[in-house]
Amino acid sequence: MTSFYPSAAPIVGVFDSGVGGLSVLREIRALLPEVGVVYLGDSAHIPYGGKSMDYIQRRAETISRFLLGRGAAALVVACNSATAAAAAMLRARFSVPIVGMEPGVKVAVNQTKTGVVGVLATETTLASQKFAALLGQHAGNVRVVVRACHGWVESVERADRSSPQLKAAVRREIEPVLASGADTIVLGCTHFPFLADSIRAAAGPTVTLIDTGIPVAREVKRRLQALDLSKLENSDTPREEYWTSGDPAHATKIYSALLDRNVEVRKVPQEFV
Ligand code: DGL
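Residues numbered from 1 in each chain as written. Predicted model: local features only at pLDDT ≥ 70, side-chain atom pairs only at ≥ 80, totals over all residues. Heavy atoms only, no water.

**What about the pairing of strand S9 (residues 240–244)?**
So, point 1. Burial within S9 is extensive, with four of its five residues counted as buried.
So, point 2. Strand direction decides the pairing type here: S9 and strand S10 (residues 265–267), joined by three bridges, are parallel. Each bridged residue has a counterpart across the sheet, and for Tyr-242 the counterpart in S10 is Val-265.
So, point 3. After leaving S9, the chain enters helix H11 (residues 248–259) and then returns to the sheet as S10, a path that is right-handed. (Buried < 20%, exposed > 50% of the residue type's maximum accessible area, 1.4 Å probe, protein only. Helix = DSSP H or I, 4+ residues; strand = E, 2+ residues; numbered from the N terminus. Pairing = 2+ DSSP bridges. Right-handed = clockwise from strand over helix to strand, strands pointing away.)

Pasting the structure below:
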């Protein structure tokens, strides 16, 4: 066991602009139950969608310092918007493995039979150079129909996954995607897997949804194995911490609702807000 990590198992630091990254965290915990996790939802600054690159980079750096201070041996930028804006900067600044999100365009392009795929994401992700490069690299002859799904992130932040208003908002975005002939839909925002049931209900049983949470968890495993940290002695109860830059009482309710079990969320010290 190495002395510089404050628990026996390696700890992964995970962050998002809010609660969306919990959809990635639950995949990491399912695949790597022996690994500790420290999660920070930056709810005081949500949404990142629509914020400047500089703003998101400053938040990503501040949050990373916090997570590393809690003992994280690797960081997961569990937010497509923050990955597009800040992952390269974080990699240049910090020496730990940094795993980011990327809409699953490549997988969708390989799976589509109709030659049309839909991508649901935030404005920031869709307007990013990283997304343009992803399309340039993988779209080929496949037509990619994009939708910036306004209001969805806010619904998930309220743990609203199935109200009539939410379902109507989901139908409004999905209908044009279906009308374009898409048979595969990429969830390009980490909040959206929490809406998968409503999206599936609107899209119908023949449409495939692509979520990148599981591949990201696998990548985390590979990166930890490469560091040989996963060989660390397992503790019986790996550390699990939940933090917010927003209101901890509200966050405790929402995190617990989305994770389907009771977790306690603490507020980060003021210098990280
Ligand atoms: N969860 C973030 C993502 O994956 C989006 C939320 C936001 O825009 O703040 O892009």
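Next comes the rest of the account.
**Remarks on the environment of Ser-198**
So, point 1. Turning to its location among the elements, Ser-198 is positioned in helix H9 (residues 196–203).
So, point 2. C-alpha of Ser-198 to C-alpha of Gly-246: the two residues are 48 residues apart in sequence and 27 Å apart in space.
So, point 3. When residues no more than four places from it in sequence are discounted, the contact partners of Ser-198 are Arg-161, Ser-162, Leu-166, Lys-167 and Val-170.
So, point 4. Of note is the side chain of Ser-198, whose polar atom sits 2.8 Å from the backbone oxygen of Arg-161. (Contact = heavy atoms within 4.5 Å. Polar contact = N/O pair within 3.5 Å; in protein donor to acceptor, adjacent residues only side chain to side chain.)

**Description of the nonpolar core**
So, point 1. Ranked by internal contacts, the top residues of the largest apolar core, which has 52 residues, are Leu-22, Val-76, Leu-120 and Trp-152.
So, point 2. Those residues in contact with Trp-152 that sit more than four places away from it in its chain are Leu-120, Ala-169, Val-170, Glu-173, Ile-174, Phe-192, Leu-195 and Ile-199.
So, point 3. Residues Ile-56, Ala-60, Leu-67 and Ala-82 belong to the second largest nonpolar core, which totals 25 residues. (Core = buried A, V, L, I, M, F, W, Y, C linked by side-chain atoms within 4.5 Å.)

**Digging into the packing of aromatic side chains**
So, point 1. Taken as a whole, this structure holds five aromatic pairs when the rule is applied.
So, point 2. Seen from their ring centres, Tyr-39 and Tyr-255 are 5.7 Å apart, and the 85° between their planes marks the pair as edge-to-face. Of this pair, Tyr-39 sits in strand S2 (residues 36–41) while Tyr-255 sits in helix H11, and the two are 216 residues apart along the sequence.
So, point 3. With a centroid separation of 5.1 Å and an interplanar angle of 65°, the aromatic rings of Phe-66 and Phe-272 are classed as edge-to-face. Here Phe-66, found in helix H2 (residues 53–69), pairs with Phe-272, found in the segment after S10; they are 206 residues apart in sequence, far enough to count as distant.
So, point 4. Put simply, the rings of Tyr-39, Tyr-242 and Tyr-255 pair up and form one aromatic cluster. (Phe/Tyr/Trp six-rings, centres within 6.5 Å; stacked < 30°, edge-to-face > 60°.)

**Re unusual backbone geometry**
So, point 1. At the junction of Ile-46 and Pro-47, the peptide bond is cis and its omega measures out at -5° in the coordinates.
So, point 2. Note on placement: Pro-47 falls in the loop between S2 and H2.
So, point 3. Positive phi, normally seen in glycine, also occurs at Asp-260, with a value near 65°.
So, point 4. Given the relative accessible area of 68%, Asp-260 is considered exposed.

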